[in-house]
Each structure stands twice: as C-alpha cells, then as structure tokens.
Amino acid sequence: GYFKYYAIAIASNSMYPTFERGSVAIIQKVDEDYSKLKVGGIIAYHYQNRIIAHRIAKITELDGIRYFYTKGDSNNTMDNYVVRQEMIMGTIDAYIPFLGYPTILLNDLLTD
C-alpha cells in the first residue's frame, strides 16, 4: 500500500500478555533500514502465507544481510525458523484491544 501504517487483527495469544487474540496491531512499515530493528522490538512478518507478530529475540548478520530470530511472549522457546529481512512487513508499537474480534470470529466461521 501507499500508507506508512496499517492494521492487522491478531489471531492467536502467542504475544500475551503484551497483546492478545482479537487485538488490532498497528504496523509501521520498515523503510528498509533493518539496522533500526533491535532485540526486544516486535515485528510483523510473512511466514507460510500468514502474518506473524512476534518479538525479536536475536539478530545475526552475514554478508550485510540481517537474520532475525523471533519468539512469542507466551511461548517457551524461540520460533523454529529464521526471519529474513525481506519477510518483514514492519514494527508494532501500538495496538487496540478487542477491536479485531469481528474479523477473527468471521474468519473462524468461514474456515471451520
């Protein structure tokens, strides 16, 4: 899109207690300066045809390309995959509780 910010409905509790299922997360697009992303920040990224919102747990760099290891706040371990910088949609610094529930409920009804 053309806008710097956009919103997604959160479909799981993997980031609880920071935000929970049914919240709307506000994503700020990354301006391709991935060096601004730091451990502890929350990113939204594409993974297997889904959008995931998890916290950065570790960052490595190889040949000028940064790789991000992520973890949901309520998960016991880091995710078992690496997030490449081209997968990242943006950062999440704000959310609105409960606003995404209509979207989540409709999706649940249509996929069951």
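Numbers given to residues run from 1 along each chain, matching the order in which its sequence is written. Residue-level local features of this predicted model are given only where pLDDT is at least 70; pairs of side-chain atoms are given and counted only at 80 or more, and the full residue set underlies all totals for whole chains, interfaces and linings. Side-chain numbers come from the whole structure's heavy atoms, not from hydrogens or water.

(A) A look at the pairing of strand E4 (residues 50-62). Strand direction decides the pairing type here: strand E3 (residues 42-47) and E4, joined by 6 bridges, are antiparallel. In the strand pairing of E4, isoleucine 42 is matched with arginine 55. At least two bridges found by DSSP between two strands are what make those strands a pair. Helical segments are the DSSP runs of H or I of at least four residues, strand segments are the runs of E of at least two, and each set is numbered from the N terminus. Counted along the chain from E3 to the antiparallel partner E4, the turn is 2 residues long, and its residue glutamine 48 has a positive phi close to 50°. Two strands pair when backbone bridges link them, and E4 and strand E5 (residues 65-71) are joined in this way by 7 bridges, in the antiparallel orientation. Bridging across to E5, threonine 60 finds its partner in tyrosine 67. Taking the residues that link successive antiparallel strands as the turn, the E4-E5 hairpin has 2 residues, and the phi of aspartate 63 there is positive, at about 55°.

(B) Expanded view of the environment of serine 14. By the secondary structure assignment, serine 14 is in the loop between strand E1 (5-9) and strand E2 (24-29). Between the alpha carbons of serine 14 and aspartate 73 there is a distance of 6.2 Å; along the sequence they are 59 residues apart.

(C) Focus on a nonpolar patch on the surface. For patch detection, residues must exceed 30% relative accessible area and be free of salt bridges, and they are connected within 9 Å for like charges or within 5 Å for nonpolar side chains (Val, Leu, Ile, Met, Phe, Trp, Tyr). Note on areas: these come from Shrake-Rupley sampling with a 1.4 Å probe, and a residue is covered only by the protein chains present in the view. We define a salt bridge as a contact between a side-chain nitrogen of Lys or Arg and a carboxyl oxygen of Asp or Glu at a distance within 4 Å. Judged by side-chain polarity, Leu106, Leu109 and Leu110 come together as a nonpolar surface patch covering roughly 370 Å² of accessible area. Looking at the secondary structure, you find leucine 109 in helix H1 (residues 101-111).

(D) Representation of the nonpolar core. Counting residues in hydrophobic clusters, the biggest one holds 13 residues, and the most contacted among them are Leu37, Ile43, Tyr45, Phe68, Val83 and Ile88. Elements that contribute at least two residues to this core include exactly E3 and E4. In terms of residue count, E3 provides more of this core than any other element does, 3 residues in total. Contacts were defined at the residue level, with two residues in contact if any of their heavy atoms lie within 4.5 Å. Non-local contacts of valine 83, meaning those with residues more than four positions away in its chain, are made with Ile43, Tyr45, Arg66, Tyr67, Phe68, Thr70 and Ile88. In these notes, a set of buried Ala, Val, Leu, Ile, Met, Phe, Trp, Tyr and Cys residues joined through side-chain atoms within 4.5 Å is what counts as a nonpolar core. Accessible area is worked out with a 1.4 Å probe on protein chains only. A residue is then buried under 20% of its type maximum, exposed over 50%, and partly exposed in between. Counting 11 residues, the second largest nonpolar core, distinct from the first, contains Ile10, Met15, Ala25 and Ile27.

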